[in-house]
Amino acid sequence: MRKILFFITAFIFISCDEQLVSAEYMDMPATGWAIEDIATFQIEPQDTINKYNLFINLRNTHEYEYNNLWLISQIKFPQGKVVTDTLQYQMAAPDGKFLGKGSNDVFENKLWLREGIRFRESGNYQLALKHAMRKNGEVNADAQLKGILNVGYSIEKQLQDGSN
């Protein structure tokens, strides 16, 4: 049932966006996103000229225990270059309400990763995402990040004025 709901939601999300070039999602286990699990995606851009916006897409439930999200993203270029970023996203308002779009218990989050990028090298790129969450005052990362259903990415055409 969870997978059917995901595909219906993904179809609606994707079909409503005329700028969308590609998107892919990875299901997380019911037990949560483990610290050692890296969501890896192969991206083959359509051209090396146009500008695109790259987003991280994430679906969470009320089981998600934090108001923010720390991620480590890594983009491997076809010629071998690697760009690694540590990113923080706000997931909930101060009153505890989740910021993503959604109803009931599932929230869709579209998080900026890169704006106005060009895939200048032809060939396959690889995007790897790993969570880096930890409880306040603790050194070790949270072993299981509960409440994360799916992790993915989307690439959208950047409009001429730079917006989406």
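Enquirer: Got a sec to walk through the pairing of strand E4 (residues 52-60)? Specific residues and values, please.
Expert: Regular strands place their side chains on alternate faces of the sheet. Taken across its 9 residues, E4 has 9 buried, putting it largely inside the fold. Taking every second residue as pointing to the same face, both faces of E4 are buried, with Tyr52, Leu54, Ile56, Leu58 and Asn60 on one and Asn53, Phe55, Asn57 and Arg59 on the other. Pairing geometry for E4 and strand E8 (residues 106-117), over 8 bridges, is antiparallel. Residue pairing across strands places leucine 54 opposite arginine 114, the latter belonging to E8. Inspection of the sheet shows E4 paired to strand E11 (residues 148-157) by 9 bridges, in the antiparallel sense. In the strand pairing of E11, tyrosine 52 is matched with lysine 157.

Enquirer: Quick one: what's the story with the sheet that holds strand E3 (residues 39-43), residue by residue and with numbers?
Expert: Judged by pairing direction, the sheet is antiparallel, and its 4 strands sit side by side in the order E3-E9-E5-E6 without closing on themselves. Strands at the two margins of the open sheet, each flanked by one partner only, are E3 and strand E6 (82-90). On average, adjacent strands in this sheet sit at an angle of 20° to one another, irrespective of strand direction.

Enquirer: Outline the sheet that holds strand E7 (residues 101-103), supporting the account with residue identities and numerical values.
Expert: If you trace the 5 strands from one edge of the open sheet to the other, you get E1-E11-E4-E8-E7, paired in antiparallel fashion. Only two strands of the sheet have a single partner each, and these edge strands are strand E1 (20-27) and E7. Across the sheet, the mean angle from the axis of one strand to that of its neighbour is 15°, orientation sign disregarded. Sheet analysis places E7 next to E8, joined by 3 bridges and oriented antiparallel. Residue serine 103 lies in a different strand from E8, and its bridge partner there is valine 106.

What counts as what
- Residues numbered from 1 in each chain as written.
- Predicted model: local features only at pLDDT ≥ 70, side-chain atom pairs only at ≥ 80, totals over all residues.
- Heavy atoms only, no water.
- Buried < 20%, exposed > 50% of the residue type's maximum accessible area, 1.4 Å probe, protein only.
- Helix = DSSP H or I, 4+ residues; strand = E, 2+ residues; numbered from the N terminus.
- Pairing = 2+ DSSP bridges.
- Axes fitted to C-alpha atoms, helices over the stretch in contact; angles between N-to-C directions.

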